[in-house]
Amino acid sequence: MALPDNPSCTLPGEEPPFPEIIELNVGGQVYITRYATVTSVPDSLLWEMFSRKNIKTLARDTKGRFFVDRDGFLFRYILDYMRDQQLVLPDHFPERSRLQREAEYFNLPELVKLLTPKISKQNSIGDDACQSDPEESSPNADTARNIASLGAIACASITQGPGSESRRAGFITIGYRGSYTLGRDSQTDAKFRRVARIMVCGKTSLAKEVFGDTLNESRDPDRPPERYTSRYYLKFTFLEQAFDKLADSGFHMVACNSTGTCAFAHDQTDDKIWTSYTEYVFYRE
């Protein structure tokens, strides 16, 4: 007699199978999917994990979810691909190379092929990214030289360093929320609390240029370079460090503002908690 195709069906003496609904903790991000989805691509890493007979060999977090120590935000694209074996990415997706690395880790060769940059017949992998497109027509020699000169100028403007005159102008605003406790009649020293997070607002390309790897993009990972965001924040909490990075990139402060609120810390005391939000606006010509 054939057994029903149901993952909850077991034979006497066998280890309990995986549940039909799988809860995953990937780098701190929680995903809930079906058992059939994580085993949809044979020989993939997830297929190997969830084809084991002994469920106890897999790592779990404190809430019993299966744990995978990878990029939790990029995993959503991995999971989308495993549902229907199709790749659909947002416009101007900036994390293509990182997603390719994740696809290699999860052993998804077809997804790796889809993410691999297309190389035309005219160009090789070692060619410069600034090369002009192949000519569709046959212009005369003067026109060809003019096109080549324009291409060289464009390449030079792109590759110039941060201290060059071709840097783009723009604004970057950084803000932070702080708080401190002040005793009765201001007779005691204020007890400052650590700055929890420094927010970054402005054009995505400028923010990445200034702060580089110290910029946390996890709250807005798909923002195109020419769009604006107010959801980035820094991985450090020292304002002076942010000021130094902005100054090194040619920005100078043009404005700042701050707001504050006050509340009593306890009903039985006169101690007050002051909470403030401060923004600094920087500009580069």
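Before reading further, recall that the structure is shown in the block above.
Being a predicted model, the structure only gives us computed values, none of them experimental.

**Re helix α3 (residues 75-84)**
Thought 1: Taken together, the buried positions of α3 are occupied by F75, Y77, I78, L79, Y81 and M82.
Thought 2: Looking at the buried residues of α3, the elements they touch are β1 (21-26), β2 (29-34), α1 (35-38), α2 (45-49), α4 (96-105) and α5 (109-115).

**Quick look at the side chain of E217**
Thought 1: When you line up the elements, E217 lands in the loop between β7 (215-216) and β8 (228-234).
Thought 2: Judged by relative accessible area, E217 falls into the buried class, the value being 18%.
Thought 3: In terms of polar contacts, E217 uses its side chain to reach the side chain of K208, at 3.3 Å.
Thought 4: Excluding residues that lie within four positions of it along the chain, E217 makes contacts with E95, K208 and Y232.

**Notes on a nonpolar patch on the surface**
Thought 1: Taken together, I21, V30 and I32 make up a surface patch of nonpolar side chains, about 270 Å² in accessible area.
Thought 2: Looking at where I32 falls in the secondary structure, it is placed in strand β2.

**Regarding unusual backbone geometry**
Thought 1: One non-glycine residue with positive phi stands out, namely H92, at about 60°.
Thought 2: Within the element layout of this structure, H92 appears in the loop between α3 and α4.
Thought 3: Despite not being glycine, N107 shows a phi value in the positive range, around 55°.
Thought 4: Of note, N107 is situated in the loop between α4 and α5.

**What to know about the layout of surface pockets**
Gaps left between atoms are located by rolling a probe of water-molecule size over the structure's atoms.
Thought 1: By volume, the second largest pocket is sized at about 310 Å³.
Thought 2: If you trace the second largest pocket, you find 17 residues lining it, with D71, R98, N216, E217 and S218 closest to the centre.
Thought 3: Per-class residue counts for the lining of the second largest pocket are six nonpolar, three polar and eight charged.

**Focus: the side chain of N25**
Thought 1: With respect to the helices, strands and loops of the structure, N25 is situated in strand β1.
Thought 2: Given the relative accessible area of 8%, N25 is considered buried.

**Brief notes about the sheet that holds β1**
Thought 1: The sheet built from three strands is open, its strands ordered β2-β1-β3 with mixed pairing. Among the strands making up the open sheet, the edge pair consists of β2 and β3 (66-68). Along the sheet, successive strands turn relative to each other by an average axial angle of 30°, direction set aside.
Thought 2: Pairing analysis gives six bridges linking β1 to β2, with the strands arranged antiparallel. Bridge pairing links L24 to Y31 in β2.
Thought 3: Most of the contacts of α3 go to β2, to which it runs at about 5°, and overall it touches β1 and β2.

**Quick notes on the nonpolar core**
Thought 1: The biggest cluster of nonpolar side chains holds 29 residues, and the ones touching the most others in it are L24, L46, F50, F66, F75, I78 and L108.
Thought 2: Of all the secondary structure elements, the ones that give two or more residues to this core are β1, α2, β3, α3, α4 and α5.
Thought 3: Per-element tally for this core: the top contributor is α3, with six residues.
Thought 4: Once residues within four sequence positions are removed from consideration, L108 is found in contact with V41, S44, I78, Y81, M82 and A103.
Thought 5: One finds L215, Y232, L234 and F282 within the second-largest nonpolar core, a separate group that totals 20 residues.

**Side note on the pairing of β1**
Thought 1: Count of turn residues in the β1/β2 antiparallel hairpin: two residues, of which G27 carries a positive phi of about 55°.
Thought 2: Two elements, β1 and β3, share three bridges in a ladder whose sense is parallel. From the neighbouring strand, L24 faces β3, where its bridge partner is F66.

**What about the pattern of salt bridges?**
Thought 1: Across all of its chains, the model carries 13 salt bridges by this definition.
Thought 2: The salt bridge involving K208 is made with E217; its shortest N-O contact spans 3.3 Å.
Thought 3: On the accessibility criterion, K208 (26% relative accessible area) is partly exposed.
Thought 4: The closest approach of N and O atoms between E209 and R284, which form a salt bridge, is 2.8 Å. Taken as a pair, E209 in helix α7 (residues 204-211) and R284 in strand β10 (residues 272-284) lie far apart in primary sequence, 75 residues in all.
Thought 5: Each of D71, E95 and R98 takes part in salt bridges that share partners, so that together they form one network.

What counts and how
- Each chain has its residues counted from 1, following the order in which its sequence is written.
- In keeping with the model being predicted, local features are shown solely for residues with a pLDDT of at least 70 and side-chain atom pairs are shown and tallied solely at 80 or more, while totals for entire chains, interfaces and linings include all residues.
- As a convention, hydrogens and water are excluded, and side-chain values are obtained from all of the structure's heavy atoms.
- Partly exposed residues are those whose accessible area sits between 20% and 50% of the maximum for their type, while under 20% is buried and over 50% is exposed, using a 1.4 Å probe and protein chains only.
- Each helix is a run of DSSP H or I of at least 4 residues and each strand a run of E of at least 2, with the numbering of both proceeding from the N terminus.
- Here, residues are in contact when the closest pair of their heavy atoms is within 4.5 Å.
- Polar contacts, as counted here, are pairs of nitrogen or oxygen atoms within 3.5 Å of one another; within protein the pair requires one atom able to donate a hydrogen and one able to accept it, and residues that are adjacent in sequence qualify only if both atoms are side-chain atoms.
- Each patch is assembled from residues with relative accessible area greater than 30% and no salt bridge, linking like charges that lie within 9 Å and nonpolar side chains (Val, Leu, Ile, Met, Phe, Trp, Tyr) that lie within 5 Å.
- Residue burial considers only the protein chains on display, and all accessible areas are found by Shrake-Rupley using a 1.4 Å probe.
- By salt bridge we mean one thing: a side-chain nitrogen of Lys or Arg within 4 Å of a carboxyl oxygen of Asp or Glu.
- Definitions used for this entry: grid spacing 1 Å over protein atoms alone; cavity, a set of points where a 1.4 Å probe fits but cannot get out; pocket, an open set with protein on both sides within 12 Å along at least 5 of 7 lines; lining residue, one with an atom within 4 Å of a point.
- Grid points are joined across faces, edges and corners, and a volume is the space filled by probe spheres set on the points.
- Charged means Asp, Glu, Lys or Arg here, nonpolar means Ala, Val, Leu, Ile, Met, Phe, Trp, Tyr, Cys or Pro, and polar covers whatever is left, Gly included.
- Paired strands, as defined in this entry, are two strands with at least two bridges between them according to DSSP.
- Between N-to-C directions, angles span 0 to 180 degrees; the directions come from axes that are lines fitted to C-alpha atoms, helices contributing only their stretch in contact.
- To form a nonpolar core, buried Ala, Val, Leu, Ile, Met, Phe, Trp, Tyr and Cys residues must be joined to one another through side-chain atoms within 4.5 Å.

In short, shape yes, function no, at least from these values alone.
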